[in-house]
Amino acid sequence: MKRKLSVLFLCSHNSARSQMAEALLRYYGGERFEAYSAGLEPSQLNPYTVRVLHELGLNSEGQYAKDLMTFWGGKYHFTYLITVCDKAEAKCPIFPFATRRLYWPFEDPSSFEGSDEEKLAKFRQVRDQIAAKIREWVREESTQEGQFNFKD
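Residues numbered from 1 in each chain as written. Predicted model: local features only at pLDDT ≥ 70, side-chain atom pairs only at ≥ 80, totals over all residues. Heavy atoms only, no water.

Undergrad: Residues and numbers for the pattern of salt bridges, please.
TA: Using the criterion set out here, one finds 11 salt bridges in the structure. Notably, a salt bridge pairs K87 with E41, separated by 3.1 Å at the nearest N-O pair. One end of the pair, K87, is in helix α3 (residues 86–91); the other, E41, is in the loop between β2 (33–39) and α2 (47–55), with 46 residues separating them in the sequence. Overall, K87 belongs to the partly exposed group, its relative accessible area being 29%. For K122, the salt bridge goes to E107, with nearest N and O atoms at 3.2 Å. Within this pair, whereas K122 is found in helix α4 (residues 116–145), its partner E107 is found in the loop between β4 (98–103) and α4, the two being separated by 15 residues in sequence. K122 gets classed as buried once you look at its relative accessible area, which sits at 11%. Looking at E107, the relative accessible area reads 42%, which means it is partly exposed. When salt bridges with common partners are traced through the structure, they connect E55, R124, R127 and D128 into a single cluster. (Salt bridge = Lys/Arg side-chain N within 4 Å of Asp/Glu carboxyl O. Helix = DSSP H or I, 4+ residues; strand = E, 2+ residues; numbered from the N terminus. Buried < 20%, exposed > 50% of the residue type's maximum accessible area, 1.4 Å probe, protein only.)

Spelled out as structure tokens, the structure:
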């Protein structure tokens, strides 16, 4: 049995993008990946994040906004650190507890101004962009590792 690839998704508040990425990697990556998320200045899980994840049948139970410092100090070591926003990429130039680092910038749906339906549409759009990126990346990683069990 091969070791799971551990991934920490990092954004500014750990309320939307990184939370979506964590839930989506758990779904699409299955048993091959361990997914975590954190924020530089964690706030709280955005209710729109919960809604758009539930629309896909993904349970956000147990997910909450976590500070990056939760994963600092060597207790955790990640195969990948993936920053999903410009701020996290700029303000966290070094993270010694990950072997590889990727930068996947996504628009912050939390900063979108509009009606309830317009906000929900923006969260869906960003969720779908993150899902597409994760599906593509899981396929690439699975192919490189000789694993072809992919949930589409």
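We are not done yet, so read on.
Undergrad: Which residues make up the pairing of strand β3 (residues 78–83), and what values go with them?
TA: By the criterion of burial, β3 is predominantly enclosed, with 6 of the 6 residues buried. In this structure, strand β1 (residues 5–11) lies alongside β3, joined through 4 bridges in parallel fashion. For V7, the partnering residue across the bridge sits in β3 and is Y80. By the bridge criterion, 5 bridges tie β3 to β4 in an arrangement that is parallel. (Pairing = 2+ DSSP bridges.)

Undergrad: Could you give an account of helix α1 (residues 17–29), with specific residues and numbers?
TA: Compared with the 18 Å implied by 1.5 Å per residue over 13 residues, the 17 Å span of α1 between its first and last C-alpha is a close match. Counting buried residues in α1 gives 11 out of 13 residues, a clear majority hidden from the surface. What α1 keeps buried is the set R17, S18, Q19, M20, A21, E22, A23, L24, L25, Y28 and G29. Positive phi appears at G30, one or two residues downstream of α1, with a value of about 55 degrees. (Expected span 1.5 Å × (residues − 1).)

Undergrad: Let's hear about the sheet that holds β4: which residues, and what values?
TA: Ordered by their spatial adjacency, 4 strands build an open sheet running β2-β1-β3-β4, and the pairing between neighbours is parallel. A single partner strand is all that each edge strand has here, and the edge strands are β2 and β4. Here the average twist between neighbouring strands, direction ignored, is 20 degrees. Sheet strands in contact with α1 are β1 and β2, and its direction is about 175 degrees off that of β2. (Axes fitted to C-alpha atoms, helices over the stretch in contact; angles between N-to-C directions. Contact = heavy atoms within 4.5 Å.)

Undergrad: So what's going on with the nonpolar core? Residues and values would help.
TA: Core analysis: the biggest nonpolar cluster contains 43 residues, and F9, L25, F95, I134 and W137 have the highest contact counts within it. Looking at this core, the elements that each hand over two or more residues are β1, α1, β2, α2, β3 and α4. Broken down by element, the residue count for this core peaks at 8 residues, all from α4. Residues within four places of W137 in sequence aside, it is in contact with V7, L25, F33, Y80, I82, L102 and W104. (Core = buried A, V, L, I, M, F, W, Y, C linked by side-chain atoms within 4.5 Å.)

Undergrad: Can you lay out the packing of aromatic side chains for me, pointing to particular residues and giving the numbers?
TA: The final tally for this structure, using the stated rule, is 16 aromatic pairs. Pairing F33 with W137 gives two aromatic rings, centres 5.4 Å apart and planes at 45 degrees, and the pair type is tilted. Of this pair, F33 sits in strand β2 while W137 sits in helix α4, and the two are 104 residues apart along the sequence. Of the two residues, F33 and W137, both sit in the buried class. Taking the centre distance of 6.1 Å and the plane angle of 65 degrees together, the rings of Y36 and Y76 count as edge-to-face. Residue Y36 is found in strand β2, and its partner Y76 is found in the loop between α2 and β3; the two are separated by 40 residues along the sequence. (Phe/Tyr/Trp six-rings, centres within 6.5 Å; stacked < 30°, edge-to-face > 60°.)

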